[in-house]
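A look at the structure
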Amino acid sequence: MTATPGGLPSAVPPPPAHLAGRDRVVPPGERLRQVGRALRPGRDQLVDAGATLVLVLVAAAGFRTSFYGPQWVVAAVLGALVGLVIAHVVQAARLPGLGPFVGLVALAAAYFLLGGPMAVRDHLVAGVLPTGRTVADLAHAAVPGWKDLLTTLAPVDATGRLVALPFLFALVGSAATYAVARRWRAPWAAVVAPLALLLLSIALGTVQPAATWLQGAGFAVVALLWLVQRASRLRSRLQSGTARTTRAGIAVGLLAVSVAAGVLAGPVLEARSGQARTVWRTDLQPPFDVAQLPSPLAGFRRYTKPNQADLFDRTLLTVRGLPEGVPLRIATLDSYDGSVWGAAGTGAIGTADPGAAFRRVGSHLATAARGREVTLTVQVPSGGYREVWLPTVGAVTALQFHGPRAEQLADQLRFNVDTDSGVLPGTIGPGDSYTLQAVVPQSPPEKLPEQLDVGSATSVDTDSVAFVDDKLDAWTGNAQDPWAKLVAVARYMRSQGAYTDGGARGSSESVYLPGHSIGRLARFVGSSQLAGDDEQYAATLALVANRLGLPARVVLGAVPEPDGRVKGKDVRAWVEVNRADGTWLTIPASAFVPDRNKTPDVQQLRSQQRQVGAQVPPPAAQNPPSLLQGPDQAQNDTKAKRAKRGPLDPRGWPDWLVRLLIFVVLPVLLLLGLHLVLVALKRRQRRRRRLVGPPSARVAAGWQDLIETSRELGRPVPRTLTRREQVPQLVGAPDDVGRLAVTADASVFGPGEPTDAEVAAYWADVDTVRDALRRDAGRWRALRADWDVRTLRSGRRRDDRKAPRR
């Protein structure tokens, strides 16, 4: 028997050893063994960890068709392991109220510290430590990176910053799955997060399924086995045979229902399997609109002679590795709006994917084309090619840039796999080079076939080109089918037409103006002799083909010289016709454009001069920037229009300062603000306990406040003990704390109610004891106690009554 400070006897047991506080010094070796025992996983924890790892990786298998190469698999596995370790450590630490917050901070730190060497692997110090560029790439991948993945043509090269997405997916997914499994006992709660990850990976995937059997049957089997194992933990160990029989019957019934559902639903699902798969990327519109770019065909005369750019004999490109006779493709123009032939903003003619357009791509591209594979290198010499269109060849399967701007160009590239055309909004220019891998036809056709099975869809409003109808009968002769008529028109253009680039300024041929609008082509067709260059001939032949019901498009390209050089005189325009199988047949310029030495006759020149003098030509459309000013002038004009930024404009701050504010100052301010909010809420709650309710309830609330304070400081006091039995458990409290317990018992169980002055004095003593408890625990423990939100979640007593505030 012991005596309390108030003089009343009480059978108070001695405090346990683990609550002895400073009275017992724990050796360092024992402390390490305690930590090791807390971190050592048990049988149930190992089962939860294994199931978590398998389900998360099965869900991550949905990235298989989105990435090219095995690096994303390594990133996903490492991310799942790191997330699992973090979740286990946080759960083993049993931080009161701080577990979710500490877990999020640890996951963020792991992502930015380990994401570089484990996933991105670029811009690292000694191959391990992340730099500011690495952190910026990881931050970009975590926020807008999902949009980049969906708007990038799959498969994406798994060597850039987008490979951080599988790492982040598995990191957060495994941590969330394991944390939920260990925190909630309900069996079904553990599979909610993996199922959400599975649905997310499918939505982020491609139209082609990544792993049907693995993500379907494999995921279901593992999830069901895990649910059964978790459910067995809740059952009593002492059960009768009847319970086992019941569970066996339920299992057989579920199996029968599953088989029946598969038999009945299987034919329906198989019948629907031919329909297109719906994922997020199919509903997204590409952010880049190529229709805003000027038509490169409108600037064809920049490459002819004479011209102001003087590109006719200048080397624009040098090509190595391209077979002789295979042309370079500069731009594919599959849309005509009455003014120019341009690139369509959406899918090409007859494609299975109507949403295909110019998208972000990686270093590898998927193609179904057949032919011989070639690898070529394209270089831009000084004073050479400078345009937004990227010269390519055949069906591109791989593309890699070289030089100081390689990374910038790869990030800017937008590619259309239907037309095999690439666009660089920042332009490609002198000093740039790139390597192409492509599939080209085995041998280009020497002459046009007599018969051709063509497609049916056209890309042009044929009613707007009815002006060619008056000439078709004269040009086609006795040809019957549309393809034969088109071949006859091409031969007529080649044999009866004349070639002219408009001649020098002031010459007799200057009456032949550039352009291929409806007005210009109507004049071109209506002349007694066709006279023009590749621009007019190719534009007209493509319109004639569409008028005949043959889907056709115009291509601007070049045929390199035997030494691999491409000069302005090598740039040509030709026409492609869509076959029924989806491929395109090339009608080369040599099949419909007259020889360049065949100039218009004198009578035709006089007729054109009279037409020019009799009518005023319509105003020309707005010329492309490349025709009006050089790159230096455009850059100077942009700088002149740019407003000066003040010192308070964040866009003018250095990158290191912006990263410091975002990743250091802003999180610290958020944590400080959250800490102040929690402290203010707890003060408000303590003030309410002190002022609201009957006096005896307020005294009891004061003692309860001490018990909750001790629990927040990591020294829990059993709630089943009486107040006097709880006194020795308050480690670090003053010796006279027993007086507070006796007073609380007297106020609750004694006759009458204490006065307001006695309640205020009691709470003053409570504040003194509370401050002593926090000082004894130390600053770090006191700071952690401020973040414990369990006190805020505790409900008010039912017998509390509203009392006036004082």
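Residues numbered from 1 in each chain as written. Predicted model: local features only at pLDDT ≥ 70, side-chain atom pairs only at ≥ 80, totals over all residues. Heavy atoms only, no water.

Details of a nonpolar patch on the surface
Here is the rule: For patches, a residue must show more than 30% relative accessible area and have no salt bridge; joins then use 9 Å for like charges and 5 Å for nonpolar side chains, namely Val, Leu, Ile, Met, Phe, Trp and Tyr. Shrake-Rupley sampling with a 1.4 Å probe provides the accessible areas, and residues are treated as covered by the protein chains on show and by no other component. Put simply, a salt bridge is a Lys or Arg side-chain nitrogen that is within 4 Å of an Asp or Glu carboxyl oxygen. Secondary structure is summarised from DSSP: a helix means a run of H or I of at least four residues, a strand means a run of E of at least two, and numbering begins at the N terminus for each.
Taken together, the side chains of Trp656, Leu660, Leu661, Ile662, Phe663, Val664, Val665, Val668 and Leu669 make up a nonpolar region of the molecular surface, amounting to roughly 780 Å² of accessible area. Take leucine 669: it is sitting in helix H19 (residues 655–691).

A short note on the environment of aspartate 501
Condition: Contact criterion: two residues are considered in contact whenever any of their non-hydrogen atoms come within 4.5 Å of each other. For the purposes of these results, a polar contact is taken to be a pair of N or O atoms within 3.5 Å, where, inside protein, one atom must be able to donate a hydrogen and its partner to accept one; residues adjacent in sequence count only when each atom of the pair is a side-chain atom.
Counting through the fold element by element, aspartate 501 comes out in the loop between strand E19 (498–499) and helix H14 (518–526). In sequence terms aspartate 501 and phenylalanine 300 are 201 residues apart; their C-alpha atoms lie 9.5 Å from each other. Setting aside residues no more than four positions away along its own chain, aspartate 501 makes contact with Arg301, Thr304, Lys305 and Asp533. Among the polar contacts listed, one links the side chain of aspartate 501 to the side chain of tyrosine 499, at a separation of 3.0 Å.

Comments concerning the pattern of salt bridges
Condition: A simple rule labels every residue: compare its accessible area, found with a 1.4 Å probe on the protein chains alone, to the largest value its type can have, and call it buried under 20%, exposed over 50%, or partly exposed in between.
In total, this model carries 24 salt bridges according to the counting rule given. Note that lysine 569 and aspartate 313 form a salt bridge whose closest N and O atoms lie 3.8 Å from each other. In this pair, lysine 569 is assigned in the loop between strand E22 (565–567) and strand E23 (571–578) and aspartate 313 in the loop between helix H10 (241–272) and strand E8 (315–320), connecting sequence segments 256 residues apart. Take aspartate 313: its relative accessible area is 44%, and that puts it in the partly exposed class.

Considerations on the packing of helix H2 (residues 43–60) against helix H7 (residues 164–183)
Note the following rule: Helix axes are fitted to C-alpha atoms over the stretch in contact, other axes to C-alpha atoms as well, and angles between N-to-C directions run from 0 to 180 degrees. By convention, the crossing between two helices is left-handed when the near helix turns anticlockwise from the far helix through less than a right angle, and right-handed when the turn is clockwise. Note that Gly is not counted as nonpolar here; it falls among the polar residues with everything else outside the nonpolar set of Ala, Val, Leu, Ile, Met, Phe, Trp, Tyr, Cys and Pro and the charged set of Asp, Glu, Lys and Arg.
Their axes nearest at 9 Å, the elements H2 and H7 cross at an angle of 145°. As for how H2 packs across H7, the hand of that crossing is right-handed. Side by side, H2 and H7 meet where Asp44, Gln45, Asp48, Ala49, Thr52, Val56, Ala59 and Ala60 of the first sit next to Phe169, Ala170, Gly173, Ser174, Thr177, Tyr178, Ala181 and Arg182 of the second. A per-class count over the contact of H2 with H7 returns eight nonpolar, five polar and three charged.

Comments concerning the confidence of the model for the protein
Inclusion rule: The predictor attaches a confidence to each residue, and that confidence, scored 0 to 100, is pLDDT.
Per-residue confidence for the protein averages 77 on the pLDDT scale, and 76% of its residues sit at or above 70. Predicted confidence for residues 347–355 stays below pLDDT 50, and this span has 16 contacts to residues more than four positions away or in other chains. Across residues 795–806, where pLDDT falls below 50, the model places 20 contacts with residues more than four positions away in sequence or in other chains.

So, the sheet that holds strand E9 (residues 328–333)
The cut-off we apply is this: Pairing between strands requires that DSSP locate at least two bridges from one strand to the other.
The strand order across the open sheet built from four strands is E9-E21-E23-E24, with neighbouring strands paired in antiparallel fashion. Each edge of the sheet is formed by a strand with only one pairing partner; in this case those strands are E9 and strand E24 (584–587). The mean inter-strand angle of the sheet, taken between neighbouring strand axes irrespective of direction, is 35°. Two elements, strand E21 (residues 552–558) and E23, share seven bridges in a ladder whose sense is antiparallel. Looking across to E23, one finds that arginine 553 is bridged to glutamate 576.

Quick look at the sheet that holds strand E13 (residues 372–379)
Here five strands make up an open sheet; going across it, the order is E15-E18-E13-E8-E22 and the pairing antiparallel. Across the chains shown, the open sheet's two edge strands, defined by having one partner strand only, are strand E15 (395–402) and E22. With strand direction ignored, the average angle separating the axes of adjacent strands in the sheet is 25°. Relative to strand E18 (residues 433–440), E13 runs antiparallel, the two sharing eight bridges. Across the sheet, residue glutamine 379 finds its bridge partner in E18, namely serine 433.

What about the pairing of E24?
One ladder, built from four bridges, connects E23 with E24; its direction is antiparallel. By the bridge assignment for E24, glutamate 576 is matched with threonine 586. The hairpin turn running from E23 into E24, its antiparallel successor, is five residues long, and glycine 582 in that turn takes a positive phi close to 95°.

Thoughts on empty space enclosed by the protein
Empty space left among the atoms is revealed by rolling a probe the size of a water molecule over them. Applied cut-off: Buried and open spaces are told apart on a 1 Å grid over the protein atoms alone, a cavity being a set of points where a 1.4 Å probe fits but cannot get out and a pocket being an open set with protein on both sides within 12 Å along at least five of seven lines. Residues with an atom within 4 Å of a point are the lining residues. Grid points are joined across faces, edges and corners, and a volume is the space filled by probe spheres set on the points.
In total, this model carries four cavities of 30 Å³ or more according to the counting rule given. Computed from the structure, the largest cavity encloses a volume of approximately 80 Å³. Lys682, Gln685, Arg686, Arg689, Asp705, Glu708, Thr709, Glu712, Arg770 and Thr791 together form the lining of the largest cavity. Secondary structure elements with two or more residues in the lining of the largest cavity: H19 and helix H20 (695–712).

Let's talk about helix H15 (residues 534–547)
For clarity, the threshold we go by: Multiplying one less than the number of residues by 1.5 Å gives the expected span of a helix.
Between its first and last C-alpha atoms H15 spans 20 Å; for 14 residues at 1.5 Å apiece the expected length is 20 Å, and the two agree. Of all 14 residues that make up H15, 13 are buried, and the element is covered over most of its length.

Concerning the environment of arginine 790
Among the structural elements, arginine 790 can be located in helix H25 (residues 790–793). When the C-alpha atoms of arginine 790 and glutamate 712 are compared, they prove to be 8.4 Å apart, with 78 residues separating the residues in sequence.

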